[in-house]
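# Remarks on the overall topology
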Amino acid sequence: IASSNWKERVEAISHLTSFYESEGGNHVATFPYLFVLVRDSTKSFKESNFNVARALLEMFTAIFDVHATLVKVPESCICVSATKLAVEKVGDRKLNQASAACLNSLCAVKQPSKVLAVAIRAVDSIKSPLVHEALLGWFKSFCSGFGVSSLSAGVQDCLIWVLKVGYQSY
């Protein structure tokens, strides 16, 4: 993973993802160590190469899917890192689908209101209107798929954010 060659990093991340999926969560307890290794090898998930970013998003999606089948909530640091990465990349048309899939998988295993709270904080620091627009698009599909009721008490914060973004676009 520590290679400077992006192809080698993608391959290493893909192998870790495949291993985690194939083991069906048998090594869930060891994942925090792998998480730290991947984080430290990818500039804290601040990857500019879209191939590496896609591999990271796919890795997180696979992790959350395994956790969902085990009905086990992943550690908060993993959820926060995945949410921030997905929000940062959701505006990139090459990474939009991978970002949305990651956020959807995360919402299936973690309280959606908490995921959206982190996403809103993350998007507030991003200036690109494309990211805000893409996150609004994902939020719309989230509401259709998961239902607004899944937000419980977080619905007010989401509505404030939606109104704020809508107001800024005029």
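Above this note sits the structure.
Treat the numbers as computed from the prediction; the structure is a model and nothing was measured.

## A look at the packing of aromatic side chains
In this structure the tally under the stated criterion is 7 aromatic pairs. Note on Phe35 and Phe60: the rings are 6.5 Å apart at their centroids and 55° apart in plane angle, and the pair reads as tilted. With a gap of 25 residues between them, Phe35 in helix α2 (residues 31-41) and Phe60 in helix α3 (residues 50-70) connect regions that are remote in the sequence. Of the residues examined, Phe35 reaches a relative accessible area of 3% and is grouped as buried. Seen in terms of ring centroids, Phe139 and Phe142 are 6.2 Å apart; in terms of plane orientation they differ by 15°. Their pairing is stacked. Pair noted here: Phe139 and Phe142 are both in helix α7 (residues 129-146), with a separation of 3 residues, about one helical turn. Here Phe139 falls in the buried class, since its relative accessible area comes to 9%. A relative accessible area of 0% means that Phe142 is categorised as buried.

## Side note on the side chain of Ser41
Mapping Ser41 onto the fold places it in helix α2. Given a relative accessible area of 18%, Ser41 falls into the buried group.

## Details of unusual backbone geometry
The backbone of Lys43 sits at a positive phi, close to 55°, despite the residue not being glycine. Tracing the chain through its elements places Lys43 in the loop between α2 and α3. At Val71, a position not held by glycine, the phi torsion is positive, near 50°. Among the structural elements, Val71 can be located in the loop between α3 and α4 (76-89).

## So, the environment of Lys94
Relative to the helices and strands, Lys94 resides in the loop between α4 and α5 (96-109). Along the chain, Lys94 and Val66 lie 28 residues apart, while their C-alpha atoms are 25 Å from each other. Ignoring sequence-local partners within four residues, the contact set of Lys94 consists of Phe50 and Arg54.

## Describing the nonpolar core
As a rule of thumb, nonpolar side chains are buried together in soluble globular proteins. In terms of nonpolar packing, the biggest core is built from 49 residues, with Leu56, Phe60, Phe64, Leu135, Trp138, Phe139 and Phe142 touching the most fellow members. For this core, the secondary-structure elements that each account for two or more residues are α1 (6-22), α2, α3, α4, α5, α6 (112-124), α7 and α8 (155-168). Among the elements that make up this core, the one with the highest residue count is α3 (10 residues). Leave out the neighbours within four places in its chain, and Phe139 touches Leu116, Leu151, Cys158, Trp161 and Val162.

Scoring rules and cut-offs
- Residues numbered from 1 in each chain as written.
- Predicted model: local features only at pLDDT ≥ 70, side-chain atom pairs only at ≥ 80, totals over all residues.
- Heavy atoms only, no water.
- Phe/Tyr/Trp six-rings, centres within 6.5 Å; stacked < 30°, edge-to-face > 60°.
- Helix = DSSP H or I, 4+ residues; strand = E, 2+ residues; numbered from the N terminus.
- Buried < 20%, exposed > 50% of the residue type's maximum accessible area, 1.4 Å probe, protein only.
- Contact = heavy atoms within 4.5 Å.
- Core = buried A, V, L, I, M, F, W, Y, C linked by side-chain atoms within 4.5 Å.

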